[in-house]
Amino acid sequence: MFLATLFLGVSYAKANQPAKIADVNVSGKVTDSENGDAIPGVSVLIKGGTKGTVTDANGSFSLVVPDAKAVLVFSYVGYTPQEVLVGSQTSLNVQLKSDAKTLSEIVVVGYGTSKKTDLTGSVKSVKSDEFNRGIINSPEQLLQGKVAGVNVTSASGEPGGAQGITIRGPGGVRTGSTPLFVVDGLALDNSGTGGGGNPLNFLNPQDIESIDVLKDASATAIYGSRGANGVVLITTKKGKAGTSSLNYSTSFGISKIARALPVFTADEYRTEVPKLGGTLEDLKGNTDWQSEVMRTAYTQNHNLTLGGGADKLTYYASFGMQKQEGILKNNNIDRYTGRINVTQKFLDDRLNVDANLTVTSVSNVRPPIEGMIGNAISTNPTYPAYDKDGNPAFYPNLVNPLISLKLNKEVTKTGRIMGNISPSFKITKDLVYRLNFGIDNANSVRDVQSLANAVPLQDGRLDTYIKTNNNSLIENYLTYGKQFGKNNISALVGHSYQKIFIQERWSSINKFPISDIEPIYNPGLGQELTLANNKPGGYAVKNELQSFFSRVNYQFDDKYLFTATVRADGSSKFGANNKYGVFPSFSAGWRISEEDFLKSSSRISELKLRAGWGQTGNQEIPSKITQPLFTSVVSGSTSYPLIEGAYPAGTTYTRLANPDIQWEVSTQTNIGLDFGFLNGALSGSVDYFNKVSNNILLEVIPSDPVQPAGTFWTNVKDMTITNKGLEIELSYRRKTNSGFSYGVGGNVTFINNVVKNSPYSVIPSGSASGSGLTSATINGYINNEPIGTFFLKDFTGFDDKGISKYRDVDGDGIIGDKDRVAVGSALPTMQYNFFGNAGFKGFDLIINFNGVRGNKIYDNTANSNFYKLRLSKGINTTPEAIASPTESVNNAAPVSSRYLKDGAYLRLNNLALGYTFNTQALGISKWVSSLRLSATGQNLFVATKYNGYDPEVNTDRTVNGISSYGIDYLSYPKARSVVFGLNLTF
């Protein structure tokens, strides 16, 4: 009875409920009210709820709302939010108006953000939609050609290889030119994690939202002692409230060598060797050894991202995999990445917590690169590559590179975890406290293996290197912002403590038996473990940096801008008498376009004059150099005999203490002009800079010859390195009434570098490689010449006997080191880049060129491999070796300007064509909000006089820690790639 009564009551209640209004499916498009452009990424949120969506690449959206009373809120950065009542409408076309107060592009600066119009320093922001495309291993490649004053050099074509990046020229002898990288507020230590790869290749380029480059001292001084080479701020993607999206992107790339070295073919070799009087050893083969060691390489990339959130919580998560083959056989790099970024609000939005975490695993397999390339370009092409059984052929008088490829390899596996948590608490309406705690831990194991083999005879060997990098950071800072009428002031004050620990250990074992088990998997099979050949080793370094920093920004009437920054750094790298350094900066800006006499002009949308001065430091030097170093060994040269012929262990100085060592200091002045005309369609900037580095850190020879150690470290106070130049950026964008849009632009940098007041006539660097060249150097740091100067004997031709002649500079009739002269620099005096883009309906096209001028390259590959004597001995060369008929076949090829070549080039770096489908027209918008196909070409052509593999090269030939520049020695060739991509958003 009770159940029956309950059932009847429920039935009656349901029958008397008002009928629910059916869900309404609303779709539409969001455009700019001024030019009619579609606006992608607009947040469309149901007011009072958490349900929403974002517009796709065409500005279109589709959303199910509960009833006709629903109100949709449309919001996007730079536009005034708009609310629209759905009512009886099922199709909405919304036009958003630009918000003059928020229209300015948001730029990330040290410890905060700023509107671009409010900047007084030289800062350039590159967003994700502007990045270079294709096969990307490291964030620097995304920037190449995008920022004036920034020179990105792919030192080799090896996947995952080191990238060189210089901002406004190098400023140190031993401190390099690498800028400070900061990822989501965590400053990296710029050290590699084993294997000679790039320390930034742990980042998935798909996760990066923007890269901001701080170029002048007024912008970088907030990073004090680490800002002398500029600062690169990398910001990863975050979730958006009111949305829920799932994105899958994939690409497939095909890569081939862009251009091989033009060594003689078998037929040409058979002709040329007898001409030189050489003995031709012809085995009737026709082998292109470069083709034998290279291949068509394939790259696959997969990325899955999830993003969204509600009012209080937003999230972004990604999973990425890139499997890339190098164009050299047996060369592969596999990268697996995972990331999650979360933002949570508490306490009525007064407490905001940001958390970022990335986990990366990289596996890199490398063949013996230099040896393979060296053998491939020099081996007799008449020798068959394989024997009758299809195995790599063995020849007793040469090394078949295919055998070396089979027997030798290097495997590096790296795991890296980087994360930080950054809560901020709004103490008052105007005062905010923020904590930033981050860790960056990397561990790598690098195994270098040689397999045991009978023919050719080779003892097996395994060298293992284990490296650990631990970087921890804790920062506390307060920010204050207040507006008083026309006065706007913001201030920042904080403290930072960073500790970096690096440790590496190595061991080895050799004489392995011939076995199917590789030494990597069972080192215990090795039969020789002696201190003479297998002594273990290692080192550990701990560096600490404590800093206090502050910044004040003041604006009056949105026209007159002023910024002052100061940072005090204390570093464990420096002496007891100079632990702390202070780095100030000042800058000002005048927004002329906001003055009454220009404000009414429709042609001028932005005109701002900037000027700044500041100092930054450089601490990227070896640790503990302020302290003495001793060595204890048993030898006659390090001890005194107690009795005749008996030497006890002796302890000697190998480095003297110097408690006065301090930072190198860079003082920089910058004057800039930002402009925008034709309602912002034409925009650009012009910057003049003058950066002078002094207090140069050097390891010098004591003036008193009676010293316990041969060298000591010090600051050379009068020595300076100056970089001065001019940067120009210009772009024009337009969209026609027919819907066709296009843009063109570019940037150019003119830069001059000079060294002055060095205590030495030359500081040598750039060690040469090759038979008879190993004691020679190529670069020199010379007074009144640029860094990277080539200091060489000046080749003037051949005498009547066909022997090389060189300029006798000192006139003593003897050609020696005193006759070396400066014959050019590896640093370009001009860097230029230009681009174009176009779009019509769903199609888009992007093209990017980059180039340099005024630089030289030393072709150490040709110097050590391509000359007549080698060809006459049966070693293959290029036609360059026999270009001079008057040259004697017995002529030697020492280091000289003969092998110095023009390094200028113009490269078609990126060409991308894509099509974004109209998912509504296809009837799939309910499931797929965006669908895009693309094809991208990388390194499609390069125009250059240089006849090596590629003119963009910089083989590391450092001497005693002194940087080298512009040397090409058996560099990994660059690839030409075509990449096909698919992007789906659900």
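Residues numbered from 1 in each chain as written. Predicted model: local features only at pLDDT ≥ 70, side-chain atom pairs only at ≥ 80, totals over all residues. Heavy atoms only, no water.

**Things to note about the overall build of the protein**
Okay, step 1: The secondary structure content of the protein amounts to twelve helices and 51 strands.
Okay, step 2: In terms of C-alpha radius of gyration, the protein reaches 32 Å, essentially the compact-globule figure of 30 Å for 986 residues.
Okay, step 3: With respect to the principal axes defined by its C-alpha atoms, the protein has extents near 110 × 70 × 65 Å.
Okay, step 4: By residue count, 51% of the 986 residues in the protein fall in the buried class.
Okay, step 5: Here the contacts in the protein between residues at least 6 apart in sequence split such that 70% fall between residues at least 24 apart.
Okay, step 6: When the accessible surface of the protein is split by element, carbon and sulfur atoms take 57% of a total near 44,000 Å².
Okay, step 7: Taking the 93 positively charged and 84 negatively charged side chains of the protein as two groups, their mean positions are separated by 5 Å. (Helix = DSSP H or I, 4+ residues; strand = E, 2+ residues; numbered from the N terminus. Rg over C-alpha atoms; globule rule 2.2 N^0.38 Å. Buried < 20%, exposed > 50% of the residue type's maximum accessible area, 1.4 Å probe, protein only. Contact = heavy atoms within 4.5 Å. Areas by Shrake-Rupley, 256 points an atom, 1.4 Å probe, with all protein chains shown as cover. Lys, Arg positive; Asp, Glu negative; His and termini not counted. Charge placed at Lys NZ, Arg CZ, Asp CG, Glu CD.)

**Comments concerning a positive patch on the surface**
Okay, step 1: There is a patch of like positive charges on the surface, built from Lys499, Lys542, Lys579 and Lys624.
Okay, step 2: If you trace the backbone, Lys499 turns up in strand 25 (residues 487–510). (Patch = residues over 30% accessible without salt bridge, like charges linked within 9 Å, V, L, I, M, F, W, Y side chains within 5 Å. Salt bridge = Lys/Arg side-chain N within 4 Å of Asp/Glu carboxyl O.)

**Details of a nonpolar patch on the surface**
Okay, step 1: Residues Tyr554, Phe556, Tyr560, Phe562, Phe586, Trp590, Phe597, Leu609, Trp613, Ile671 and Tyr688 make up a contiguous nonpolar surface patch of roughly 1,000 Å² in combined accessible area.
Okay, step 2: Among the elements of the structure, strand 26 (537–556), strand 27 (560–571), strand 28 (580–591) and strand 29 (604–618) are those that each provide at least two residues to the nonpolar patch.
Okay, step 3: The topology assignment puts Trp590 in strand 28.
Okay, step 4: Classification of Trp590 as partly exposed rests on a relative accessible area of 33%.

**Here we look at the side chain of Gln290**
Okay, step 1: Looking at the secondary structure, you find Gln290 in helix 5 (residues 289–293).
Okay, step 2: According to the relative accessible area criterion, Gln290 is buried, its value standing at 4%.
Okay, step 3: Polar side-chain contacts of Gln290 include one of 2.7 Å to the side chain of Tyr949.
Okay, step 4: When residues no more than four places from it in sequence are discounted, the contact partners of Gln290 are Ala260, Leu261, Val263, Ala376, Ile377 and Tyr949. (Polar contact = N/O pair within 3.5 Å; in protein donor to acceptor, adjacent residues only side chain to side chain.)

**Focus on the environment of Gly481**
Okay, step 1: Positionally, Gly481 belongs in strand 24 (residues 461–484).
Okay, step 2: Assessed through its relative accessible area of 30%, Gly481 is described here as partly exposed.
Okay, step 3: Spatially, the C-alpha atom of Gly481 lies 9.9 Å from that of Tyr554, the residues being 73 residues apart in sequence.
Okay, step 4: Excluding residues that lie within four positions of it along the chain, Gly481 makes contacts with Asp430, Ile489 and Ser490.

**Some words on the environment of Arg898**
Okay, step 1: When you line up the elements, Arg898 lands in the loop between helix 11 (868–872) and strand 47 (900–902).
Okay, step 2: Arg898 sits 92 residues away from Tyr806 along the chain, and the two C-alpha atoms are 9.6 Å apart.
Okay, step 3: The residues touching Arg898, leaving out its near neighbours within four places in the chain, are Phe795, Phe798, Ser804, Glu887 and Asn891.

**Notes on helix 6 (residues 369–376)**
Okay, step 1: Along helix 6, the residues classified as buried are Ile369, Met372, Ile373, Gly374 and Ala376.
Okay, step 2: On its buried side, helix 6 packs onto helix 5, strand 21 (351–366), helix 7 (401–407) and helix 10 (860–865).

**Observations regarding empty space enclosed by the protein**
Okay, step 1: Scanning the entire structure with this criterion turns up twelve cavities of 30 Å³ or more.
Okay, step 2: Considering only enclosed or pocket space, the largest cavity measures out at about 450 Å³ in volume.
Okay, step 3: Considering the residues around the largest cavity, the lining is formed by 31 residues, among which Ile135, Gln141, Ser154, Gln938 and Ala975 are closest to the centre.
Okay, step 4: Counting residues per element, the ones that place at least two in the lining of the largest cavity are strand 19 (313–325), strand 48 (905–916), strand 49 (930–944) and strand 51 (975–985).
Okay, step 5: No other element matches strand 48, which puts three residues into the lining of the largest cavity.
Okay, step 6: Classifying every residue of the lining of the largest cavity gives seven nonpolar, 18 polar and six charged. (1 Å grid on protein atoms, 1.4 Å probe; cavity = no way out; pocket = protein on both sides within 12 Å on 5 of 7 lines; lining within 4 Å. Points joined across faces, edges and corners; volume = space filled by probe spheres on them. Nonpolar A, V, L, I, M, F, W, Y, C, P; charged D, E, K, R; others polar.)

**Some words on the sheet that holds strand 46 (residues 856–859)**
Okay, step 1: Taken together, the three strands give an open sheet; going across it, the order is 47-46-50, and neighbouring strands pair in mixed fashion. Single-partner strands in this sheet number two, and they are strand 47 and strand 50 (967–968).
Okay, step 2: Pairing between strand 46 and strand 50: two bridges, direction parallel. Across the sheet, Asp859 pairs through a bridge with Asp968, a residue of strand 50. (Pairing = 2+ DSSP bridges.)

**Quick word on the sheet that holds strand 2 (residues 43–46)**
Backbone hydrogen bonds are what pair the strands of a sheet, in a parallel or an antiparallel way.
Okay, step 1: Here we have four strands laid out as an open sheet, ordered 3-2-5-6, and antiparallel in their pairing. The open sheet terminates on both sides in strands that have one partner only, identified here as strand 3 (52–54) and strand 6 (82–85). With direction set aside, neighbouring strand axes in the sheet form an average angle of 20°.
Okay, step 2: Both strand 5 (residues 71–75) and strand 6 contribute to a ladder of four bridges, which runs antiparallel. Following the sheet pairing, Val73 is matched in strand 6 by Glu83. (Axes fitted to C-alpha atoms, helices over the stretch in contact; angles between N-to-C directions.)

**Examining helix 4 (residues 266–275)**
Okay, step 1: If you check which residues of helix 4 are buried, you get Ala266, Tyr269, Glu272 and Val273. Axial view of helix 4: buried residues confined to an arc of 125°, hence all on one face. The exposed residues of helix 4 that point more than 90 degrees off its buried face are Asp267 and Lys275.
Okay, step 2: Elements that come into contact with the buried residues of helix 4 comprise helix 11. (Arc of directions from axis to C-beta.)

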